[in-house]
Amino acid sequence: MDWILSAVNTNSWPSWAQSFWPHGVKWGLVLASAVLIWFVSKVVKMAVIAIGRWASKDTEAFEGSSWDLGASIARFGTMFALLPLPLGIIGYNWQGMVETRGPGVVAAVITIFAAIVIANWVARSMRSIGHKARARAGADDTLFAFAASLVKYIIFAVALVIALTQVGFSPTSMAALLGGAALAVGLALQDTLKSVAAGVMLAIFRPFRIGDYVELSGIDGEVTDITPFTTSLKQVDNKVVMLTNDRVWAEPKINFTRMTRRRLDLYFDVSYSDDLNHALNVLRGVAEDNGRVLANDDIWVGVHELGDWAVKLRLRAFCATPEFVDVRAALTKEVKEAFDAENISIPFPHQVEIQYRGSPRKPSAMTHEPTDAPSPTFDGSDE
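These numbers come from a predicted model, not from an experiment.

**Some words on the pattern of salt bridges**
All chains considered together, the criterion is met by nine salt bridges. Between Asp-298 and Arg-261 there is a salt bridge, with the nearest N and O atoms lying 3.2 Å from each other. In this pair, Asp-298 is assigned in the loop between strand E7 (293–294) and strand E8 (300–306) and Arg-261 in strand E6 (residues 261–270), connecting sequence segments 37 residues apart. Since its relative accessible area comes to 35%, Arg-261 is described here as partly exposed.

**Some details on the environment of Ser-232**
If you trace the backbone, Ser-232 turns up in strand E3 (residues 230–234). Aside from chain neighbours lying at most four places away, what touches Ser-232 is Glu-222, Val-223, Thr-224, Asp-225, Val-240, Val-241 and Met-242.

**Describing the sheet that holds strand E4 (residues 240–244)**
With antiparallel pairing, five strands are arranged side by side in an open sheet as E4-E3-E2-E1-E5. Every interior strand has two partners, whereas the edge strands, E4 and strand E5 (253–255), have only one. Ignoring strand direction, the axes of neighbouring strands in this sheet form an average angle of 40°. As paired elements, E3 and E4 share five bridges and run antiparallel to each other. From the neighbouring strand, Thr-230 faces E4, where its bridge partner is Thr-244.

**Some details on the packing of helix H11 (residues 276–289) against helix H12 (residues 324–341)**
Orientation of H11 relative to H12, taken along the N-to-C sense of each, is 140°, at an axis distance of 10 Å. The angle between the axes of H11 and H12 places the two elements in the oblique class. Our pair here, H11 against H12, has a crossing hand that is right-handed. Residue-level contacts link Ala-279, Val-282, Leu-283, Val-286 and Ala-287 of H11 to Leu-331, Glu-334, Val-335, Ala-338 and Phe-339 of H12. Within the contact of H11 with H12, the residues separate by chemical class into nine nonpolar, no polar and one charged.

So, how was this worked out
Residues numbered from 1 in each chain as written. Predicted model: local features only at pLDDT ≥ 70, side-chain atom pairs only at ≥ 80, totals over all residues. Heavy atoms only, no water. Salt bridge = Lys/Arg side-chain N within 4 Å of Asp/Glu carboxyl O. Helix = DSSP H or I, 4+ residues; strand = E, 2+ residues; numbered from the N terminus. Buried < 20%, exposed > 50% of the residue type's maximum accessible area, 1.4 Å probe, protein only. Contact = heavy atoms within 4.5 Å. Pairing = 2+ DSSP bridges. Axes fitted to C-alpha atoms, helices over the stretch in contact; angles between N-to-C directions. Parallel < 35°, antiparallel > 145°, perpendicular 65-115°, else oblique. Left-handed = near helix turned anticlockwise from the far one by under 90°. Nonpolar A, V, L, I, M, F, W, Y, C, P; charged D, E, K, R; others polar.

Written out as structure tokens, the structure reads:
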């Protein structure tokens, strides 16, 4: 800063400008150094994100991973490491600060970065082992996925403690701090701890597994991930829904794919004038002729309800669980075609319109005396 002050001749300036010039130069350099720190830290964050995308090898694997957290931590560490620059301009002993705190800050940043790399590698390896076990032996990989998420969070917690000790916190102070923080966090985040406890119960009892199609809290979808905090569902329209584990554990859970076969319940309306026995035989024949319907002995047909304008028939049949939607659609189409071929009508509601021969006379508004209206007759009568 001294060379900037000496390079400018301020003798001809007004007195107020001469007094302001040193302060303006100092705070201008502070502002410039702050902009420089912001730019350098952003470059560091972008570099970490680029490394994360390269290491993930998959955009979906990168999204929502801990690389974003690592990039933010790296940016914060860079800003903290370059903080002595503006402090030195202001007048602080930045050299002493760098000598005393610099190595610890660098070690803390390296620790956090290494923890992110190791935690992601361990979690990815455990998930890969679970996928391979499922592909080779049909093993359940749900426990592997849950354990991978749990181990990743444990590695992060340990790395954070080590990083804080590198910065200057003593282990004794850290233990006391963590104890108090644990109590405070436990009281403040009761719902989150409930989710963790519920996640452990889901991992142990496994009412559903990754890949199952379920209904949880009134929301249906395929289970894609189970972490200590949340359960993720992918719906048929490719939306991803995340539910907290305490909500999943507390409410009824419907697993559509746990069993190897699933029962179809289809309903068809026929006219009251149709032969019900013939309609039921046609319905059974369609189900028996479908090659994807399992166990013809389990096929059941019968009259379900006598409705207002139709007789409702019911068909029960079993099919393989993965083929449920296709078989249901195929049977519905085949029954319609068979009914048409056998002249079995599928009725639908009719609306009957009644018209009067003439408009009834309106009562007088003055006297309010009732008047006789003509009797209604149907237009469709033969005359």
